[in-house]
Amino acid sequence: MSDQNPVFIPGPTNIPDRLRHAMSIQTMDHRAPDFIELLAPLLRDLKKVFRTTSGQVLTFPASGTGGWEAAITNTLSPGDKVLAARFGMFSHRWIDLCQRHGLDVEIIECEWGEGAPADLYGERLAADSGHEIKAVLVTHNETATGVRSDIGAVRRAIDAANHPAMLYVDCVSSLASMDFRMDEWGVDLAVSGSQKGFMLATGMAIIGVSRKALEAAKTARCPRTFLDFGDMAAANEKGGFPYTPPLQIMFGLRESLDMLFEEGLENVFARHARIAEGVRAAVGAWGLELCARRPELYSDTVSAIYVPRGFNSDELTNHIFDTYGVSFGVGLGEMAGRAFRIGHLGSLTDVMALSGIAAVEMAMADLGYPIELGSGTSAAQEHYRRTARPVLQSAA
Ligand SMILES: *Cc1c(COP(=O)(O)O)cnc(C)c1O
């Protein structure tokens, strides 16, 4: 099978050659001065991606799940109450992680395909007059359903309820691909990872931490050692890590940040929006429906698409893989068998996206879906022709 075919799973994402080369380095001494020269600017530049000046960024050798665990264990104590909405597999798994750490999770159950309900968060917080809720958890981009939520609205709901709870946001599949504003939205903990918008190998959890969250880490009693904020911040301060850092990924991250800044974050977001629009145009032309209920919820990094009644989405993704050698995301949790997902984040151009759309279309035709071959591809082509801007093509 050709490794030239892009993956269309919503992470890990395609790694551009420039980043693969950057990660291909010989071992170096992480206590030598040149490592110190790498680390400080890296952490400083990551703050620009989170859009924080008041907070700081901590990184750990882990995937995004490790980032969740770091956020929770460093700032909360067993028995603490947190408020979370469940509207997809990732928000569900974050809740599960909290429960396993002995937290008392108040859950707002939502239909999958809906976004974070700012109004319901506000109601629950207003009812919590004793301020028992210590943290509010929100998944910015629910990768299982292709839903982006309005974090600013959740912040306004917290403020309107005059509640001191901290705001924790999972931005694993949104950071560096869609607009994210840690300071403006008053986010205390923003959890991400290396293998989605940063276009790198999996292996680094990247966390934006507010001053309030760092302060909370001084008294929080959930056990942690490897993921300890205090140890990491103190070591970073001296230019190092408390243990062996994932050097290759850090060199990749340096290059990734350079690529993102060369393209310009606004242009990166615009490219994702434009590519996503093309994918959605194809879905519309096929006569299929997105899991995301309304346009304002549409994610620009992943589209979850219901297959028609009587078809099984797992058969579709298996068939595309077996026949055309391309991977797409399967339906997760409630969506298993009912929906497949097209990941369109990271290093991607409209030309790459068209290949994925065309491959899905061929597979659907093979399996007797009621779609017209070429309809989705041409709808996307029309969108990309209409909106073509050569300057946006730089990130391949
Ligand atoms: C990918 C992802 C994660 C983390 O998954 P890992 O496999 O641990 O990196 C968490 N939340 C969301 C929304 C994601 O898309």
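Up top is the structure these notes are about.
Computed from a prediction, not measured in an experiment: that's the story for all the values here.

A. Seen up close, the site of the ligand. Around the ligand, the neighbouring residues are S63, G64, T65, W68, F90, N141, T143, D170, V172, S173, Q195 and K196. Contact between the ligand and Q195: an oxygen atom at 2.6 Å from a side-chain N or O atom of the residue. For the ligand, the protein covers 89% of the area, taking 380 Å² as the surface of the free molecule. The pocket occupied by the ligand, as judged from atoms lying within 2 Å of grid points, is the second largest pocket. Looking at the shell around the ligand, the element that brings in the most residues is helix 3 (residues 64-75), giving three residues. Of the residues in the shell around the ligand, the class split is three nonpolar, seven polar and two charged.

B. Representation of the nonpolar core. Within the largest apolar cluster, 90 residues are counted, with the highest numbers of intra-cluster contacts made by F180 and F198. The dominant element in this core, judged by the number of residues it contributes, is helix 2 (residues 33-50), at eight residues. By size, the runner-up hydrophobic cluster in this structure holds 28 residues, among which are L290, F328, L348 and Y384.

C. Here's a closer look at the layout of surface pockets. Here the largest pocket is characterised by a volume of approximately 410 Å³. In this structure, the largest pocket is lined by 14 residues; those nearest its centre are D3, Q4, N14, I15 and D17. Grouping the amino acids of the lining of the largest pocket by side-chain chemistry returns six nonpolar, five polar and three charged. The computed volume of the second largest pocket comes to approximately 310 Å³. Around the second largest pocket, the lining is made up of 23 residues, and of these G11, F90, R93, Q195 and K196 lie nearest the centre. Here the lining of the second largest pocket gets three residues from one element, more than from any other, and that element is helix 3. In terms of residue class, the lining of the second largest pocket is made up of nine nonpolar, 10 polar and four charged.

D. Here's a closer look at the packing of aromatic side chains. Scanning the entire structure with this criterion turns up seven aromatic pairs. Measuring from ring centre to ring centre gives 6.1 Å for F60 and F229, while their planes differ by 25°; the resulting arrangement is stacked. Taken together, the positions of F60 in strand 1 (residues 56-60) and F229 in helix 8 (residues 229-237) put the pair 169 residues apart, joining distant regions of the chain. Like F60, the residue F229 is buried in the burial classification.

E. Spatial organisation of the packing of helix 10 (residues 265-286) against helix 12 (residues 350-366). In contact at an axis separation of 10 Å, helix 10 and helix 12 are set at 20° when each is read in the N-to-C sense. Relative to helix 12, helix 10 is oriented roughly parallel. Like other packed secondary-structure pairs, helix 10 and helix 12 cross with a definite hand, here right-handed. Touching R274, I275, G278, V279, A282 and W286 of helix 10 are D350, A353, I357, V360, E361 and M364, all from helix 12.

F. Spotlight on helix 10. In a regular helix each residue adds 1.5 Å, so 22 residues correspond to 32 Å; helix 10 covers 32 Å between its end C-alpha atoms and thus fits that length. Of the residues trailing helix 10, G287 is marked for its positive phi of about 80°.

Rules of the game
- Residues numbered from 1 in each chain as written.
- Predicted model: local features only at pLDDT ≥ 70, side-chain atom pairs only at ≥ 80, totals over all residues.
- Heavy atoms only, no water.
- Near = heavy atom within 4 Å.
- Polar contact = N/O pair within 3.5 Å; in protein donor to acceptor, adjacent residues only side chain to side chain.
- Areas by Shrake-Rupley, 256 points an atom, 1.4 Å probe, with all protein chains shown as cover.
- 1 Å grid on protein atoms, 1.4 Å probe; cavity = no way out; pocket = protein on both sides within 12 Å on 5 of 7 lines; lining within 4 Å.
- Sits in = over half its atoms within 2 Å of the grid points.
- Helix = DSSP H or I, 4+ residues; strand = E, 2+ residues; numbered from the N terminus.
- Nonpolar A, V, L, I, M, F, W, Y, C, P; charged D, E, K, R; others polar.
- Core = buried A, V, L, I, M, F, W, Y, C linked by side-chain atoms within 4.5 Å.
- Buried < 20%, exposed > 50% of the residue type's maximum accessible area, 1.4 Å probe, protein only.
- Points joined across faces, edges and corners; volume = space filled by probe spheres on them.
- Phe/Tyr/Trp six-rings, centres within 6.5 Å; stacked < 30°, edge-to-face > 60°.
- Axes fitted to C-alpha atoms, helices over the stretch in contact; angles between N-to-C directions.
- Parallel < 35°, antiparallel > 145°, perpendicular 65-115°, else oblique.
- Left-handed = near helix turned anticlockwise from the far one by under 90°.
- Contact = heavy atoms within 4.5 Å.
- Expected span 1.5 Å × (residues − 1).

Honestly, that's just the spatial picture; any functional story needs more than this.
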